[in-house]
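Read off the chains here:
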Amino acid sequence: MTGARLRRRSFLAAGGGAVALAAVGASVGAASAWPLGSSDGTDQQRAMFAYVGCYTTAKREGRGQGIAVFQVDRSGRWQPVRVLPTTPNPSYLITDRAATTLYCVEGDGNRVTSFRIDRGTGHLTELGTVDTGGTNGVHLALSPDETRLVVANYATGSIAVFPRAADGTLEERSQLVQLSGTPGPLPDDQKGPQPHQVLFDPTGRHLIVPDKGTDRLHRLGYDPASGSLSVLGDPVLTAPGTGPRHLAYHPYLPAFYLVDELSSQVTVYHYDQQTAAVTAGAALSTLPPGFEGESTAAAIVISRDGRFVHVSNRGHDSVASFGITPVGSLMPPALTDTAGHQPRFMTLDRAGGTLYVANQKSDSIVPFAVDLVTGRLDRRGDTIATGTPSCITFVDAL
């Protein structure tokens, strides 16, 4: 690790997280600006199936065999169903809204695989694969009308688009958008365009693509009539060496929150949904004051009521939980140990009351109860064992 990289990890450190979460919980309860809905945690838990992508290759120190399938009962208890061997490194998974089809991208490879979902048994049936036109797919997204699938090719710096047939299968690639940009100042981590996420904005007409390798956010437009992407003007530059990784849109404020992997910070951005104009705001560290160890930020999850954003730290092995004020700014974080190593991925259950943290290097998924008023995280239930987990997605069982 370079000295510059270490320094970037502590230059925006902030403290007082537990007090901040309590304060934002109190202000949220009194503020009429917040929407009514899920904050009381009364949504009924449904029986679900959980699909876990697991790294399989020696290059990834993989101890998984493919996609691990679990049944999750109404109490939140996980029971293994089966492990489906797949193409190597099923690193990211998504499903369509009807939960009939699952899509899986191949880490370090060049394929996307489609599976039919049996919601009665949780079993998956492979439907076919398509070539992404690049290497190391790391993220997937379906267009709002679900007629296109979009893939981020991390290693080769491109975005691929695939038409989706009525039965959920994918047709041959219709577009490959090659990104450009000068590599960032950290040569071990930044080797040119490295898009890490493709996420449609709330309008469904734009994507903001974080590019870890060039320290920029690419703005893409989506035309639902043609199903094609276009580049919208110049990219937005982030600070050199920050390594933007993933973002989360606020559910109703004109803002999104960007996690910078290499600098371990979260930045607030004002976002105009009509024009895709982006303006940077304040940044806060995801690490404790004075931390000098090796750590990179990874996953970002926002509560569906927009009160809290959670970010995982790989190395410090923690979740940083930030309260969001009614105007969208961030409070200093509270830090929770992930009870494992290298928390690459996190997701909330459908009710928003449980945060599942996938610890890649300790072969574990750890559930945390989320206090929907204060944002506090507490261990809940048993740790789920599975080899090198990289992604989790849920579907409701029939």
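Criteria and cut-off values
Residues numbered from 1 in each chain as written. Predicted model: local features only at pLDDT ≥ 70, side-chain atom pairs only at ≥ 80, totals over all residues. Heavy atoms only, no water. 1 Å grid on protein atoms, 1.4 Å probe; cavity = no way out; pocket = protein on both sides within 12 Å on 5 of 7 lines; lining within 4 Å. Points joined across faces, edges and corners; volume = space filled by probe spheres on them. Helix = DSSP H or I, 4+ residues; strand = E, 2+ residues; numbered from the N terminus. Nonpolar A, V, L, I, M, F, W, Y, C, P; charged D, E, K, R; others polar. Pairing = 2+ DSSP bridges. Axes fitted to C-alpha atoms, helices over the stretch in contact; angles between N-to-C directions. Phe/Tyr/Trp six-rings, centres within 6.5 Å; stacked < 30°, edge-to-face > 60°. Buried < 20%, exposed > 50% of the residue type's maximum accessible area, 1.4 Å probe, protein only. Polar contact = N/O pair within 3.5 Å; in protein donor to acceptor, adjacent residues only side chain to side chain. Contact = heavy atoms within 4.5 Å. pLDDT = per-residue confidence, 0-100.

Description of the layout of surface pockets
Empty pockets left among the atoms are what a rolling probe the size of a water molecule brings to light. Volume-wise, the largest pocket comes out at about 1600 Å³. Around the largest pocket, the lining comprises 48 residues; the ones closest to its centre are Tyr92, Ile94, Leu199, Thr347 and Thr393. Of all elements in the fold, only strand S4 (90–95), strand S8 (137–142), strand S16 (244–249), strand S20 (296–302), strand S24 (343–348) and strand S29 (389–396) reach the threshold of two or more residues within the lining of the largest pocket. Counted by class, the lining of the largest pocket contains 27 nonpolar, 12 polar and 9 charged residues. Lining the second largest pocket are 30 residues, and of these Arg60, Lys212, Glu261, Arg314 and Arg344 lie nearest its centre. Residue composition of the lining of the second largest pocket, by class: 4 nonpolar, 10 polar and 16 charged.

Some points on the sheet that holds S16
The sheet built from 4 strands is open, its strands ordered S16-S17-S18-S19 with antiparallel pairing. With partners counted over all chains shown, the strands left at the sheet margins are S16 and strand S19 (277–285), one partner each. Between one strand and the next, the sheet's axes are offset by a mean angle of 25 degrees, whatever the strand orientation. As judged from the 5 bridges shared by S16 and strand S17 (residues 255–260), these two strands associate in the antiparallel manner.

Brief notes about the packing of aromatic side chains
The final tally for this structure, using the stated rule, is 10 aromatic pairs. Ring plane angle 65 degrees and centroid distance 5.7 Å describe the contact between Phe256 and Tyr271, whose orientation is recorded as edge-to-face. Here Phe256 is found in strand S17, whereas its partner Tyr271 is found in strand S18 (residues 265–272), with 15 residues between them in sequence. Centre to centre, the rings of Tyr356 and Phe394 are 5.5 Å apart; their planes meet at 50 degrees, and the pair counts as tilted. Residue Tyr356 is found in strand S25 (residues 354–359), and its partner Phe394 is found in strand S29; the two are separated by 38 residues along the sequence. Residue Tyr356 shares its accessibility class with Phe394, and that shared class is buried. An aromatic cluster of at least three residues, connected via ring pairs, comprises Phe70, Trp78, Tyr356 and Phe394.

As for the side chain of Arg60
Within the element layout of this structure, Arg60 appears in the loop between strand S1 (48–54) and strand S2 (66–72). Residue classification places Arg60 among the buried residues on the basis of a relative accessible area of 18%. A distance of 2.8 Å separates a polar atom in the side chain of Arg60 from a polar atom in the side chain of Asp108. Once residues lying within four places of it in the same chain are set aside, the contact partners of Arg60 are Tyr55, Asn89, Asp108, Asn136, Arg344 and Gln360.

Description of the confidence of the model for the chain
Across the chain, the average pLDDT comes to 91, with 89% of residues at 70 or higher. Taken as a whole, residues 1–20 scores under 50 in pLDDT and shows 50 contacts with residues more than four places along the chain or in a different chain. Segment residues 22–43 is flagged for pLDDT under 50; beyond a separation of four residues in sequence, or across chains, it makes 35 contacts in the model.

A word on the side chain of Asp396
By secondary structure assignment, the location of Asp396 is in strand S29. Polar side-chain contacts of Asp396 include one of 3.0 Å to the side chain of Arg46. A distance of 3.2 Å separates polar atoms of two side chains, one belonging to Asp396 and the other to Arg350. Apart from residues no more than four positions distant in its own chain, Asp396 is found in contact with Arg46, Ala47, Met48, Arg119 and Arg350.

Topic: the sheet that holds strand S10 (residues 158–163)
Read from one edge to the other, the open sheet built from 4 strands follows the order S8-S9-S10-S11, with strand pairing classed as antiparallel. With one partner strand each, in any of the chains shown, S8 and strand S11 (175–178) form the two edges of the open sheet. Across the sheet, the mean angle separating the axes of adjacent strands is 20 degrees when strand polarity is ignored. Bridge count for S8 against strand S9 (residues 148–153) is 5 bridges, and the pairing is antiparallel. In the sheet register, His139 faces S9, and the bridge partner there is Ala152.

Concerning unusual backbone geometry
Positive phi, close to 55 degrees, is recorded for Ala99, a residue that is not glycine. One can find Ala99 in the loop between S4 and strand S5 (101–106). Non-glycine residue Ala276 carries a positive phi angle of around 65 degrees. Within the secondary structure layout, Ala276 lies in the loop between S18 and S19.

Thoughts on the environment of Asp223
Along the polypeptide, Asp223 turns up in strand S13 (residues 216–223). You can call Asp223 partly exposed: its relative accessible area is 34%. In this structure the C-alpha to C-alpha distance between Asp223 and His206, which are 17 residues apart in sequence, comes to 8.8 Å. Of the polar contacts made by the side chain of Asp223, one reaches the side chain of Ser226; its length is 3.1 Å.

Quick word on the pairing of S1
By the criterion of burial, S1 is predominantly enclosed, with 7 of the 7 residues buried. Alternating residues of S1 divide into Met48, Ala50, Val52 and Cys54 and Phe49, Tyr51 and Gly53, and every residue in both groups is buried. Sheet topology places S1 next to S29; 7 bridges connect them, and they run antiparallel. Each bridged residue has a counterpart across the sheet, and for Cys54 the counterpart in S29 is Pro389.

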